[in-house]
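# Structure at a glance
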Amino acid sequence: MTRVVVTGVGAVSPLGIGRDALWSGLTEGRSGIRTIEGFDPSGLDVTIAGEVPDFQAKDFMDFKAARRMDRFSQFAVAATREALEQARFEITAENTDRVGIMVNTGGGGIPTIEHEVNVLAEKGSKRVSPFLIPLFAPNMASCQVAMQFDIHGPTVTSVAACAAGVQAFVDAVHMIERGDVDVVITGGTEGGLTPSAIASLANMGALARNNDEPEKASRPFDLNRSGFVFSEGAGIAILETEEHAARRGAHVICEVSGGADTSDAYHITAPDPEGRGAIKAMNRALERAELQPSDVDMIAAHATATSIGDIAETNSIKKVFGDHAYDISVSANKSMVGHLLGAAGAISSLMCIMAIRDNVVPPTINLETPDPQCDLDYTPNVAKETEVNVALANGFGFGGQNAVCVFKAV
C-alpha cells in the first residue's frame, strides 16, 4: 500500500503571509477579521471580512505574471512557493512529469468578473479585457502554479464550493495511489471578496453582521452566532509517497492516511439536518485510513457559525464517534480566519498537519455562551497542549458536497 506524506506547507491568510503567521495566530487565538479596506464597503449591510493583509504579488512572482492572474491565482502561487521551500523540493527536467497539481477553489476569479462587467457598463465593449476568461477561470490557479514552477504532470481543479479545500487533499492522495505521480501540490485558494459577493451572501442571511466588533463576529457553536464572515486566502501542501520522500531525505511532517467525498443531494445551501452525507464521509474516511473512531484525537470542524450548520455537524460527529465524541478536541478556525470558501478546508487541513507536528489544538474563540445543542469539547478560547496522533478535517459545501480527510502522525 502506498503511504502518502506531507513534507511542506504554505499559507496566505487573514492572519498574515506565511504558515508561521497562520499558526501563531491560530494558537494564540487572534482574530484576522476587520473592516474591509480593499474597497469602500459603505452602503453594504456587511462591512467586515477576512482580508489578507499587506499582500504584494511582486514578492512572489514578476510583475508581468502577476498582471495576468486574478487574486486567487496569486495567492496559490505565493503559498506554493513557501510550501516547496519548506519541502526543499526542486522541480527539474527529470522529475517535472512526475509532479501533479490539485489546487481547488470555490468561485475562481470573482473580482475579475465584477471589474470587467463594470467596465462594460461604464466604458463599452472595446474596453473589456481580452484576458477576462483566462483570468477568472477556476482552473487558472492550478495552471498558473504549473507555469510559474514549470510543472508538466497532471494539473487538475475541482470547483467544490466550501468542500473544495479538503476535497483537494482527498483527490491528491488518489492521484498518488494510482501511480500517476510521485508528488502533488495540493490545497485550495479563494480571492472573491467583492461588493456583489458580500451583498449576495448578506441577502442570503449567511453573513454575521457584527460590523462594530469584527473580531467577535465569527462565533462557531456559540448560542449567539449569526453567520459566517467571508474571507480570502490559500493553503497549500506538498504531498508525496513515503518512498519518494525517503529517497531525497525529506523531513516528513505527517501522513495523509485517508479521505472520502459524499453528497447530501438535499439543498443548494443548507446541509442535510440529519447529517447523512457528513456521517458517511467521516465513516468512509476512517475506513480508508484503517482507523477506528476511538483513534481520533482532534477534528478541524467545518463550523461556519450558522445556526443550522453547527448543530448538524455536532450531531454528525456524535453519530460517528459515539461516546468518544466527548473526548475529541474539536477546533473551529473560522472563529479566527473566517470562511475562506474554497480555501477553508485547505486551512483546516494545514491546521491538522501543524497540530500533529506540535501537539497543540488551536482554540475556538468567541465561544462565550455555549449552545446547549452543541455540547462537545470545542477547545473554547484557549489553545490546548495535548497529544495529537490523528486529526480529521471536515469540509462541507453549498450543493451538499462533503469532504473529509484524515491526517496521522508518523
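Above this note sits the structure.
Residues numbered from 1 in each chain as written. Predicted model: local features only at pLDDT ≥ 70, side-chain atom pairs only at ≥ 80, totals over all residues. Heavy atoms only, no water.

Between its first and last C-alpha, helix 10 (residues 276–288) extends 18 Å over 13 residues, near the 18 Å set by a 1.5 Å rise per residue. Burial in helix 10 covers these residues: Gly-277, Ala-278, Ile-279, Ala-281, Met-282, Ala-285 and Leu-286. Buried residues along helix 10 sit in contact with strand 9 (254–263), helix 11 (307–321), strand 14 (390–397) and strand 15 (401–408). A positive phi of about 55 degrees marks Glu-290, the residue just after helix 10. (Helix = DSSP H or I, 4+ residues; strand = E, 2+ residues; numbered from the N terminus. Expected span 1.5 Å × (residues − 1). Buried < 20%, exposed > 50% of the residue type's maximum accessible area, 1.4 Å probe, protein only. Contact = heavy atoms within 4.5 Å.)

Because each turn of an α-helix spans 3.6 residues, side chains separated by three or four positions in sequence point in the same direction. Over its 14 residues, helix 4 (residues 110–123) extends 20 Å from the first C-alpha to the last, a length consistent with the 20 Å expected when each residue adds 1.5 Å. Every buried residue of helix 4 is listed here: Thr-112, Glu-114, Glu-116 and Val-119. Those residues of helix 4 that are buried are in contact with helix 5 (132–136) and helix 8 (195–204). At the C-terminal side of helix 4, Gly-124 shows a positive phi close to 100 degrees.

Next up on the list: the nonpolar core. Val-6, Leu-22, Phe-169, Leu-239, Met-298, Ile-353 and Phe-407 are the most contacted members of the largest nonpolar core, which totals 50 residues. The leading source of residues in this core is helix 13 (residues 344–358), at 10 residues. (Core = buried A, V, L, I, M, F, W, Y, C linked by side-chain atoms within 4.5 Å.)

Attention now goes to the pattern of salt bridges. Summed over the entire model, instances satisfying the criterion amount to 20 salt bridges. Between Arg-209 and Asp-45 there is a salt bridge, and its shortest N-O distance comes to 3.6 Å. Taken together, the residues Arg-209 in the loop between helix 8 and strand 8 (233–241) and Asp-45 in the loop between strand 3 (34–35) and strand 4 (48–49) connect sequence positions 164 residues apart. A relative accessible area of 42% places Arg-209 in the partly exposed class. Note on Asp-45: relative accessible area 45%, which makes it partly exposed. Within this structure, Arg-3, Glu-242 and Glu-255 form a network of salt bridges that share partners. (Salt bridge = Lys/Arg side-chain N within 4 Å of Asp/Glu carboxyl O.)

What follows is about the side chain of Ser-218. Topologically, Ser-218 is positioned in the loop between helix 8 and strand 8. Among the polar contacts made by the side chain of Ser-218, one reaches the main-chain carbonyl oxygen of Lys-334 at a distance of 2.7 Å. When neighbours within four sequence positions are excluded, Ser-218 is seen to be in contact with Val-229, Lys-334, Ser-335, Ile-365 and Asn-366. (Polar contact = N/O pair within 3.5 Å; in protein donor to acceptor, adjacent residues only side chain to side chain.)

In this section: the environment of Thr-304. Along the chain, Thr-304 turns up in the loop between strand 10 (298–300) and helix 11. Under the relative-accessibility criterion, Thr-304 is labelled buried at 10%. Distance from Thr-304 to Glu-290, taken between C-alpha atoms, is 29 Å for residues 14 residues apart in sequence. The contacts of Thr-304, once residues within four sequence positions are left out, are Gly-227, Phe-228, Asp-310, Lys-334 and His-339. A distance of 3.1 Å separates a polar atom in the side chain of Thr-304 from a polar atom in the side chain of Thr-306.

At a closest axis distance of 9 Å, the pairing of helix 3 (residues 71–87) and helix 6 (residues 140–149) adopts a crossing angle of 50 degrees. Compared by their axis directions, helix 3 and helix 6 come out oblique. Our pair here, helix 3 against helix 6, has a crossing hand that is right-handed. For the pair formed by helix 3 and helix 6, the contact residues are Phe-72, Ser-73, Ala-76, Val-77, Thr-80, Arg-81 and Leu-84 on the first element and Met-140, Ala-141, Gln-144, Val-145, Gln-148 and Phe-149 on the second. Its residues assigned to classes, the contact of helix 3 with helix 6 comprises 8 nonpolar, 4 polar and 1 charged. (Axes fitted to C-alpha atoms, helices over the stretch in contact; angles between N-to-C directions. Parallel < 35°, antiparallel > 145°, perpendicular 65-115°, else oblique. Left-handed = near helix turned anticlockwise from the far one by under 90°. Nonpolar A, V, L, I, M, F, W, Y, C, P; charged D, E, K, R; others polar.)

So, about unusual backbone geometry. One non-glycine residue, Glu-290, adopts positive backbone phi at about 55 degrees. Tracing the sequence through the fold places Glu-290 in the loop between helix 10 and strand 10. Here Glu-290 falls in the exposed class, since its relative accessible area comes to 63%. The residue Asn-381 is not glycine, and still its phi comes out positive at about 70 degrees. Here Asn-381 lies in the loop between strand 12 (360–361) and strand 13 (384–385).

On to the packing of aromatic side chains, then. Evaluation of the coordinates by the stated rule reveals 4 aromatic pairs. Residues Phe-55 and Phe-60 carry aromatic rings whose centres are separated by 5.7 Å and whose planes lie at 10 degrees to one another, so their mutual orientation is stacked. Across the pair, Phe-60 and Phe-55 agree in class, each one buried. Taking 3.8 Å as the distance between ring centres and 15 degrees as the angle between the ring planes, the aromatic pair formed by Phe-221 and Tyr-378 counts as stacked. Of this pair, Phe-221 sits in the loop between helix 8 and strand 8 while Tyr-378 sits in the loop between strand 12 and strand 13, placing them 157 residues apart in sequence. Accessibility classification places Phe-221 together with Tyr-378 in one group, the buried group. Among the aromatic side chains, those forming a connected cluster through ring pairs are Phe-55, Phe-60 and Phe-75. (Phe/Tyr/Trp six-rings, centres within 6.5 Å; stacked < 30°, edge-to-face > 60°.)

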